[in-house]
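Residue-level listing of the chains:
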Amino acid sequence: EGHTKEDLLQLIKTAEKEIKSKTKKTSGFSLDMVSMEDIKEKPPEWLIPNYIPKRNITTMAGDGGSGKTTVWCEIAASISAGRPCFLTKESIPETFQHGSGETVFFFSAEDSAESILKGRLRKNNALLPNILTIDMKDDRFQHIRFDSEFLEDLIIKHKPVLLIFDP
């Protein structure tokens, strides 16, 4: 169409500048990244050996009614009582070997603490004083979010080793 090689090169330069300019406008963050090769590997610390790492997020997904809450109740019961859970009957974390159990937060936006959760936890031999919740009917429940100061304050005060958000 009558354009020269120089015209094309100029279009490329203009396009590159525009892309750089849009990237800066949209994020404002450095585009540098870290290669996995440069990361020092550390073995994970486990809450439930080989299944649930400490100080990390673990998710469980499935259709409604598939048993997610039942599984979390058994895990919470095991940790609250200081005994191995069904996932690792053959091993128990060293911190639980004294049998006193640990504090667990259990927040459910789906199941009632009084009509569903307490029964399931009791049937799994939970040490119920070690499992703390705020019922979904409580006005404070709406302030329990990953980034809330309220949740941070609860964690500082009660020092749970496991927080369950179900679902």
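Each remark here, short or long, concerns the structure printed above.
As a starting point, this report considers the structure included with it. Residue positions are given per chain, counted from 1 along the sequence in the order it is written. Local features in this predicted model are restricted to residues whose pLDDT is 70 or higher, and side-chain atom pairs enter the listing and the counts only when it is 80 or higher, whereas totals over whole chains, interfaces and linings include all residues. Hydrogen atoms and water are omitted, and side-chain values are computed over all heavy atoms in the structure.

Let us now look at the sheet that holds strand β5 (residues 162-166). Strand pairing in a sheet takes place through backbone hydrogen bonds and is either antiparallel or parallel in direction. On the basis of which strands lie adjacent, the open sheet formed by 3 strands has the order β4-β3-β5 and parallel pairing. Looking at the sheet topology across the chains shown, the edges are occupied by β4 (131-132) and β5. Of the pairings in the sheet, the one linking strand β3 (residues 104-108) to β5 comprises 5 bridges and is parallel in character. Its bridge partner lying in β5, phenylalanine 106 is registered against isoleucine 164. Should any heavy atoms of two residues lie within 4.5 Å, those residues are counted as being in contact. All axes here are fitted lines through C-alpha atoms, helices being fitted over the stretch that makes contact, and every angle between N-to-C directions spans 0 to 180 degrees. Numbered from the N terminus, helices here are DSSP runs of H or I no shorter than four residues, and strands are runs of E no shorter than two. Taken strand by strand, helix α2 (residues 68-81) contacts β3, β4 and β5, and its axis lies near 160 degrees from that of β3. Docked against the sheet, helix α4 (residues 149-158) engages β3, β4 and β5, running at close to 150 degrees with respect to β3. Two strands qualify as a pair provided DSSP detects at least 2 bridges between them.

Orientation of α2 relative to helix α3 (residues 113-123), taken along the N-to-C sense of each, is 50 degrees, at an axis distance of 8 Å. Comparing the axis directions of α2 and α3 gives the class oblique. Every pair of crossing elements has a handedness; the one defined by α2 and α3 is right-handed. Residues Thr69, Thr70, Cys73, Ala76 and Ala77 of α2 touch α3, and the partners they reach there are Leu117, Arg120 and Leu121. Three residue categories are used. Nonpolar comprises Ala, Val, Leu, Ile, Met, Phe, Trp, Tyr, Cys and Pro, charged comprises Asp, Glu, Lys and Arg, and polar comprises the others, including Gly. Residue composition of the contact of α2 with α3, grouped by class: 5 nonpolar, 2 polar and 1 charged. Angles are sorted into four bins: roughly parallel if under 35 degrees, roughly antiparallel if over 145, roughly perpendicular if 65 to 115, and oblique for all others. Less than a right angle of anticlockwise turn of the near helix away from the far helix marks a crossing as left-handed, whereas a clockwise turn marks it as right-handed.

A 1.4 Å probe that fits but cannot get out identifies a cavity on a 1 Å grid over protein atoms alone, an open set with protein on both sides within 12 Å along at least five of seven lines counts as a pocket, and a residue lines either if it has an atom within 4 Å of a point. Grid points are joined across faces, edges and corners, and a volume is the space filled by probe spheres set on the points. Considered as a void within the structure, the largest pocket measures approximately 850 Å³ in volume. Forming the walls of the largest pocket are 29 residues, and the residues nearest its centre are Asn56, Phe146, Leu163, Ile164 and Phe165. Listed by contribution, the elements that provide at least two residues to the lining of the largest pocket are β2 (52-53), α2, β3, α4 and β5. The residue makeup of the lining of the largest pocket, split by class, is 20 nonpolar, 4 polar and 5 charged.

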